[in-house]
Amino acid sequence: MNLKAPILEIKNLRACINENEILKDLNLRVNYGEVHAIMGPNGSGKSTFSKIIAGHPAYKVLSGDIVFKGSSILDLDPEQRSHLGIFLAFQYPIEIPGVSNEDFLRLAYNSKQKFYNKPELDPIEFFSLINEKLELVKMSSVFLARNVNEGFSGGEKKRNEILQMILLESELSILDETDSGLDIDALKIISNGINTFMNSDKAIILITHYQRLLDYVQPDYVHVMQNGKIIRTGTAELAKELELKGYEWLT
């Protein structure tokens, strides 16, 4: 039995963008060692939820709280949240022309090292470290020399996101539709990377439309979000039921 306090507590969270309220009294509790899946129709607030936890500046919290490892993070900027252990894998990873993947990953890693007053790695030391991590997502070191996500396939972009998560040793990872656009081989590789990374000191929130990801990454809880709040929580069996019936039966 895990006696630690929850890694994440969302308390009566209301949030908006451009005066349009998206999250409406959302509550969620995530403990260490747990995998939670969030499902729901388009426009239900799933991606908004992920961005607000990560601190996206376009969204405004109207009321409620986000408590991470026992402390409110509402006043922290995205960089601080990242250093504390929150990671968001984007639904649509962006390309960064002119910045090599290796430089990007090394700067991200060293920035976190500096935050914790730990030694930073020079390029040679980092190359040794990142090569160990590349194996977990079956990526070639050739990708390190290429610009961030530039010319990457959909599957390569998603693997690059999981590589960042593994490198930063994130304690709470929110994966926003990481499975979208993947063929079965890429899905298996990414799922294996997630499962290898996961342990009792971490937690993962999977945002997905499809049951197939949950065949490879077994969730402890499945939540259904609709109209900005969680309307149903169940086990992995709930995802299978949604695959058969859709969402209308819940409302």
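If you're wondering where the values come from, they're calculated on a predicted model, not measured in any experiment.

A few words now on the overall build of the protein. Along the protein, the regular secondary structure elements total 9 helices and 12 strands. Its C-alpha radius of gyration of 18 Å places the protein within 12% of the 18 Å reference for a compact globule of 251 residues. Across its three principal directions, the C-alpha atoms of the protein cover 55 × 40 × 40 Å. Taken over 251 residues, the protein has a buried fraction of 49%. Excluding contacts between residues fewer than 6 apart, the proportion of contacts in the protein whose partners are at least 24 apart in sequence is 68%. If you sum the accessible surface of the protein, you get close to 12000 Å²; carbon and sulfur atoms cover 50% of it. Between the averaged position of the 27 positive side-chain charges in the protein and that of its 34 negative side-chain charges there is a distance of 3 Å.

Moving on: the UniProt feature "domain: ABC transporter" (unreviewed entry) in the protein. Here, UniProt's "domain: ABC transporter" (unreviewed entry) annotation points to residues 8-250. The distance separating the terminal C-alpha atoms of residues 8-250 is 26 Å; by composition the span is 38% helix and 29% strand.

Here the focus is the packing of aromatic side chains. Scanning the entire structure with this criterion turns up 3 aromatic pairs. With a centroid separation of 5.2 Å and an interplanar angle of 80°, the aromatic rings of F143 and F152 are classed as edge-to-face. Take F152: its relative accessible area is 7%, and that puts it in the buried class. The positively charged end of K202 is found above the aromatic ring belonging to F197, 4.7 Å away from the centroid. One cation-aromatic arrangement involves K245 over W249; the distance from NZ or CZ to the ring centre is 4.6 Å.

Contact geometry of helix α6 (residues 154-168) with helix α7 (residues 184-197) gives a least axis separation of 10 Å together with a crossing angle of 5°. Looking at the two axes, α6 sits roughly parallel to α7. Side by side, α6 and α7 meet where G155, K158, R159, I162, M165 and I166 of the first sit next to I189, I190, G193, I194 and F197 of the second. Its residues assigned to classes, the contact of α6 with α7 comprises 7 nonpolar, 2 polar and 2 charged.

To continue, consider the pairing of strand β11 (residues 221-226). Side-chain positions along a regular strand alternate between the two faces of the sheet. Counting buried positions along β11 yields 5 of 6 residues, so the element is predominantly enclosed. Examined bridge by bridge, strand β3 (residues 35-39) and β11 share 4 bridges and lie parallel to one another. Bridged to M39 within β11 is V224. Here β11 hands over to strand β12 (residues 229-234) after 2 residues, with N227 in that stretch at a positive phi of 50°.

Here N101 is to be found in helix α3 (residues 101-115). A distance of 2.9 Å separates a polar atom in the side chain of N101 from a polar atom in the side chain of N160.

What counts, and where the lines are drawn
- Residues numbered from 1 in each chain as written.
- Predicted model: local features only at pLDDT ≥ 70, side-chain atom pairs only at ≥ 80, totals over all residues.
- Heavy atoms only, no water.
- Helix = DSSP H or I, 4+ residues; strand = E, 2+ residues; numbered from the N terminus.
- Rg over C-alpha atoms; globule rule 2.2 N^0.38 Å.
- Buried < 20%, exposed > 50% of the residue type's maximum accessible area, 1.4 Å probe, protein only.
- Contact = heavy atoms within 4.5 Å.
- Areas by Shrake-Rupley, 256 points an atom, 1.4 Å probe, with all protein chains shown as cover.
- Lys, Arg positive; Asp, Glu negative; His and termini not counted.
- Charge placed at Lys NZ, Arg CZ, Asp CG, Glu CD.
- UniProt positions renumbered as here; feature names shortened; annotations may be inferred.
- Phe/Tyr/Trp six-rings, centres within 6.5 Å; stacked < 30°, edge-to-face > 60°.
- Lys NZ or Arg CZ within 6 Å of the ring centre and 35° of its normal.
- Axes fitted to C-alpha atoms, helices over the stretch in contact; angles between N-to-C directions.
- Parallel < 35°, antiparallel > 145°, perpendicular 65-115°, else oblique.
- Nonpolar A, V, L, I, M, F, W, Y, C, P; charged D, E, K, R; others polar.
- Pairing = 2+ DSSP bridges.
- Polar contact = N/O pair within 3.5 Å; in protein donor to acceptor, adjacent residues only side chain to side chain.

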